[in-house]
Structures are given as C-alpha cells and as structure tokens.
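Here is how the chains run, residue by residue.
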Amino acid sequence: MSATSAASADAPPAAARPARRRGVELSLIVAAVLISVYGYAEVGLAKDGAVPPGAAGYGAGLGVLALLAHGAVRARAPYADPLLLPIAVLLNGFGLVLIYRLDLEPSLGGRAAPAQLIWSTLGVALFIAVVLVLRDHRGPARYAYISVTGALLLMVLPIFFPAINGAKIWVRVAGFSFQPGEFAKVLLAVFFAAYLSANRAALAYAGRRVWRWQLPTGRVLGPVVAIWLISVGVLVVERDLGTSLLFFGLFVIMLYVATGRTGWIAVGLLLAGVGAVAVGLLEPHVHSRVQDWLHPFATIDAGLGPNQIAQSLFAFANGGVLGTGLGQGESALIGFAAKSDFILATAGEELGLVGLTALLLLYALLVARGFRAGLALRDPFGRLLAVGLASILALQVFVIAGGVMDLIPMTGMAMPFLAQGGSSVVTNWIIVALLIRVSDSARRPAPEVPAGPQEPLTPLERTR
C-alpha cells in the first residue's frame, strides 16, 4: 500500500469532520446587509421619490461592522453556528431601517437612527471583545456571585431616579440615559446557570416528599423564594411589569431544564400569577395597563379618540397580508413610543402579515439555534447558560409582541435588535456573542487521543 493510500485510510471520513461553515456565514451576512440597504433605499423612494443620499454610507457602515464581527468569529470561534451572526446583522440592520423611516415623521420628534447606529457599533465592538477574550464558555461560572451582586445593584439603581412614562427603569446622568435592567438579565442568566448546575441534584431529588411533590431543602429552596420576592419587588417599586416577568420566567425555565421536573413550571406560574394579580389590583400604573389590555377601545367609546393600543391594532389591520410598503404606513399615529415599544406595529403595517411572520421566524430561528447549541453540550453550566440566553430573547419577543397585539398587558421593554434603545441593542449583541462561544464549544471536534503501544500477540492469537 502506498503512503498516500495509507494516509487517506487513516484520515477520518468527510462526514466525521464537522464543517466550519464560515463561508456560509459570510454569504448570509452579505445577503443581510444587502436586504437592509434595499429597505433603506425603499423608504427614501417611498417618502421622497429618490434613493436617500446616505444609503451608500449606511450600507458601508453596516457592512464593515458585520465583516469585523465575522472576522472575529472566523479567528476565535471557527466551529460556531453559521446562522447566529447573520440573523443578528439582519435584525439590527432592519431595525435601523424602521427607525430611519419613523425619523421622517415630524410628529415623532428628532432623529434617532444616528444614535442607534452608534449604539449598534458599540454592541458589535463588545461582541468582538467577548468572542476574542472569552476562550472558554465556562469561564463566567467562576464569577457567579459577583454576577448576581452586580445584577441586584443594577436592578435597584433606577429607584433613585425619576420615573419616565410611569415606570422607573431608566438612569439619566448629564443627558446620558440607559436601562440597567437590560444588563442585569445577562448577569442573572450567568448566576442561574452556575447555581443550578451546582445544585441540580439537590433540587431534583433531595428534600421532603409531600404527596406527589418532591420539595427541596430550605437551603436550596431559599434562592427560589428570593427571586420571586425580588421580581415582585421590582414590579411594585419600579412599576415595570415586563422586567419582572422576564426575570421570573427566566429562572423558572432554567429551573425546569436543570431538574427536568414539570412541577416547577406549575409552581412558577402560580407564584407569578399571585404576584401579578396582587400588583395589578394595588398598583395604579400597572392597573391602568391591565385596563387598557382588557378594553383597548374604551377611549374611543368615551369620545377621546384611540389610545396607543388601539392605534397599534389599526396599524396591523391596515397592513393586511402584504403590507402598505415601507414608508407608506400611518403607524406614526401611535405617538411617542412608535420607535421603541410599538415599532413592531410599523413592521406589521408596512410589511403585512407576510413580513411580520418572516420577522418572527427569524427570532424563532435565533432562539432555536441557541437551544440547539446548549443541548449539544455535555457540561451542565454551558447547557443552562445557552438555554437561559436564548430564553431571554424568546421571553422578550413574546412579551413585547403580545403587548403590541393586545394579547397580554403592555410592558415597557424593547424588541430585540429592532426597537430604539441603546442598552437593549448592546445587551443583545453580548447575548449573541455568548451563544457564538457556546455553539463553538458544542460543535468543536473532540481532541483525538493518541493510540498507545500495542501489546504483542499471544501464540493462540497468531494461529487465528
């Protein structure tokens, strides 16, 4: 046998070698940038009859950011999922298009797209930093208690600042504003993953059995009750229904994944329901949100005109199946939150049911690939971290889309990558970076163990 034949025989088959798929990722990134530039040009043609003069600069800026992010992934995470980064680029790029489109409405105030592009640049820079610096996805587990301490401080910080639109979720200093809760959710996901991976056996099997329920010990159950109390406390003091639901829902999902016991889902829903009903009845701001949800057309019946929820429903209805076209809708009638909380209504009106479904499918694919990366890992921390980060995106999309469509009470959260909000877009890029790191570990081939010296055959084996 020749040396070439021997080498090819020793090499693993093509199916056994995991494909890096970086070329696929690059192609999808180019397509995402082109789609975003097309949307930008379409808005200009619809509003002014000409391609906006900044279309080339917008495309170049978005393309450079995307290529830098791709280069970091190619260099440090070559086995990462090739769909995560292109989906994030497309959602962020289209969000900039929608914000630019709403900037052209004089009734909605000043321009927000340039600031959003700056925040997106910062988010991509942090994405690159995380991918380059974090070599092992298990590294954050060493800082679990530092993470939860930082998260609690960030959650409490807005209490000392004045409320904006009825909720205390903002911190404003010298004209600069951000939402600390956006960063707290990532730190909480790290802490939950570390705590649950270390105590999953005690949560699942230890403790006292009451009827069909296996209750954990008080030492292990304590953090569960503490998270519930903190969630209700945030809801009461800061009047922020969305953040409370996100934090508690995140913990319940990760607790179920860690233990595999459906009883925790029932307990979580019960505690969340008790807290939401109590605060909805006692807190005036939350109570008004619930009333708007139950009676979205009450202001019309009273002769006061449509409120924001009603205008949002009208926008979805006006879009129909195929939409009115970018730049040709009337979602500006929604008012001050059209660029943030209600930006999905603009997408629904101008892209129609088809475009809105495509957007939601992009979010679903992003979440599914995050879950897939976690399930492919063997270490509990990485699995829980990936599930937690993907669940953050899923919960945000559900809470925001449900509120805008009047399926649940409206909250003050931002649609990931799509809505105006610097803190939100930066945090989402960090989440994608962590999912990139986890997926790279999950898809990376195991190191080959060198074969040891072979023992000589016995006389009996030689005769066979």
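Quantities reported herein were computed from a predicted structural model and do not represent experimental measurements.

**Observations regarding the overall build of the protein**
Then step 1. A count of helical and extended segments in the protein gives 17 helices and four strands.
Then step 2. For the protein, buried positions account for 49% of its 464 residues.
Then step 3. Considering only contacts in the protein between residues 6 or more positions apart, those separated by 24 or more positions represent 74%.
Then step 4. Surface accessibility of the protein: about 21,700 Å² in total, with carbon and sulfur atoms responsible for 67%.

**Digging into the confidence of the model for the protein**
Then step 1. Averaged over every residue, the pLDDT of the protein is 83; the share at 70 or more is 83%.
Then step 2. At the low end of the mean pLDDT range in the protein sits helix α1 (residues 3-10), at 43; at the high end sits helix α4 (residues 84-103), at 96.
Then step 3. Of the regions scoring below 50 in pLDDT, residues 1-17 engages in two contacts with residues more than four places distant in sequence or in other chains.

**Re the pattern of salt bridges**
Note on pairing: side chains with opposite charge can pair once their charged atoms come close.
Then step 1. Counting across every chain of the model gives 10 salt bridges.
Then step 2. In this structure, R138 and D136 form a salt bridge, with 2.9 Å as the shortest nitrogen-oxygen distance.
Then step 3. Two residues, D440 and R437, come together in a salt bridge whose shortest N-O distance is 3.2 Å. Of this pair, D440 and R437 both sit in helix α16 (residues 422-443), three residues apart, roughly one helical turn. When sorted by exposure, D440 lands in the same class as R437, which is buried.
Then step 4. When salt bridges that share partners are traced, they join K47, R101, E105 and E350 into one network.

**With respect to the environment of R289**
Then step 1. For R289, the position within the fold is in helix α11 (residues 284-294).
Then step 2. Look at R289 and you get partly exposed, because its relative accessible area is 21%.
Then step 3. For R289, the side chain forms a polar contact with the main-chain oxygen of M410, separated by 2.8 Å.

**Observations concerning the packing of aromatic side chains**
Then step 1. If you walk through the whole model with that rule in mind, you get nine aromatic pairs.
Then step 2. Relative to Y100, the ring of Y40 has its centre 4.4 Å away and its plane inclined at 25°; by these criteria the two rings are stacked. Residue Y40 is located in helix α2 (residues 22-48), and its partner Y100 is located in helix α4; the two are separated by 60 residues in the primary sequence.
Then step 3. When its relative accessible area of 11% is taken as the criterion, Y40 is described as buried.
Then step 4. A relative accessible area of 12% means that Y100 is categorised as buried.
Then step 5. Taking the centre distance of 5.9 Å and the plane angle of 25° together, the rings of F191 and Y195 count as stacked. With F191 and Y195 both in helix α7 (residues 180-204) and four residues apart, this pair spans about one turn of that helix.

**Some details on helix α6 (residues 144-156)**
Then step 1. The first and last C-alpha atoms of α6 sit 19 Å apart over 13 residues, in line with the 18 Å expected at 1.5 Å per residue.
Then step 2. Those residues of α6 lying buried are A144, S147, V148, A151 and M155. The buried side chains of α6 occupy one side of the element, clustering within an arc of 95° when seen end-on. Within α6, the exposed residues directed more than 90 degrees away from the buried face are Y145, I146 and L153.

**Topic: the nonpolar core**
Then step 1. Membership of the largest hydrophobic core comes to 116 residues, with the highest contact counts inside it found for F127, W429 and I436.
Then step 2. What F127 contacts, discounting residues up to four positions off in sequence, is A69, V73, L85, W429, V432, A433 and I436.

**Examining a nonpolar patch on the surface**
Then step 1. Taken together, V321, L322, L353 and V354 make up a surface patch of nonpolar side chains, about 410 Å² in accessible area.
Then step 2. With respect to the helices and strands, the residue L353 is situated in helix α14 (residues 343-375).

**Observations regarding the side chain of T427**
Then step 1. Note that T427 resides in helix α16.
Then step 2. Here S423 takes part through its backbone oxygen, which lies 2.7 Å from a polar atom of the side chain of T427.
Then step 3. Setting aside residues no more than four positions away along its own chain, T427 makes contact with E182, F183, K185 and V186.

**Comments concerning the packing of α2 against α4**
Then step 1. Interaxial distance between α2 and α4 falls to 8 Å at its minimum, and their mutual angle equals 10°. In terms of axis orientation, α2 runs roughly parallel to α4. Touching E25, L28, I29, A32, V33, I35, S36, G39, Y40, V43 and K47 of α2 are L85, P86, V89, L90, G93, F94, V97, Y100 and R101, all from α4.
Then step 2. Here the contact of α2 with α4 is composed, by residue class, of 14 nonpolar, three polar and three charged.

**What about helix α3 (residues 55-76)?**
Because the α-helix completes a turn every 3.6 residues, residues three or four places apart line up on one side.
Then step 1. The end-to-end C-alpha distance of α3, which contains 22 residues, comes to 32 Å, matching closely the 32 Å that a straight helix rising 1.5 Å per residue would cover.
Then step 2. Considered for burial, the residues of α3 that qualify are A55, Y58, G59, L62, G63, L65, A66, A69, H70, A72 and V73.
Then step 3. Where α3 is buried, its residues contact α2, α4, α5 (113-133) and α16.

**Some words on unusual backbone geometry**
Then step 1. The backbone of D406 shows a phi angle near 65°, a positive value even though the residue is not glycine.
Then step 2. Within the secondary structure, D406 sits in the loop between α15 (380-404) and α16.
Then step 3. One non-glycine residue with positive phi stands out, namely F417, at about 70°.
Then step 4. Among the structural elements, F417 can be located in the loop between α15 and α16.

**Re the packing of helix α13 (residues 308-319) against α14**
Then step 1. Two elements in contact, α13 and α14, have axes separated by 7 Å at closest approach and are oriented at 30°. The angle between α13 and α14 places the two elements in the roughly parallel class. Seen along the crossing, α13 lies across α14 with a hand that is right-handed. Each of S312, A315, F316, N318 and G319 in α13 lies in contact with α14, whose residues at this interface are L344, A345, G348, E349, G352 and L356.
Then step 2. Residues of the contact of α13 with α14, tallied by class, amount to five nonpolar, five polar and one charged.

Rules of the game
Residues numbered from 1 in each chain as written. Predicted model: local features only at pLDDT ≥ 70, side-chain atom pairs only at ≥ 80, totals over all residues. Heavy atoms only, no water. Helix = DSSP H or I, 4+ residues; strand = E, 2+ residues; numbered from the N terminus. Buried < 20%, exposed > 50% of the residue type's maximum accessible area, 1.4 Å probe, protein only. Contact = heavy atoms within 4.5 Å. Areas by Shrake-Rupley, 256 points an atom, 1.4 Å probe, with all protein chains shown as cover. pLDDT = per-residue confidence, 0-100. Salt bridge = Lys/Arg side-chain N within 4 Å of Asp/Glu carboxyl O. Polar contact = N/O pair within 3.5 Å; in protein donor to acceptor, adjacent residues only side chain to side chain. Phe/Tyr/Trp six-rings, centres within 6.5 Å; stacked < 30°, edge-to-face > 60°. Expected span 1.5 Å × (residues − 1). Arc of directions from axis to C-beta. Core = buried A, V, L, I, M, F, W, Y, C linked by side-chain atoms within 4.5 Å. Patch = residues over 30% accessible without salt bridge, like charges linked within 9 Å, V, L, I, M, F, W, Y side chains within 5 Å. Axes fitted to C-alpha atoms, helices over the stretch in contact; angles between N-to-C directions. Parallel < 35°, antiparallel > 145°, perpendicular 65-115°, else oblique. Nonpolar A, V, L, I, M, F, W, Y, C, P; charged D, E, K, R; others polar. Left-handed = near helix turned anticlockwise from the far one by under 90°.

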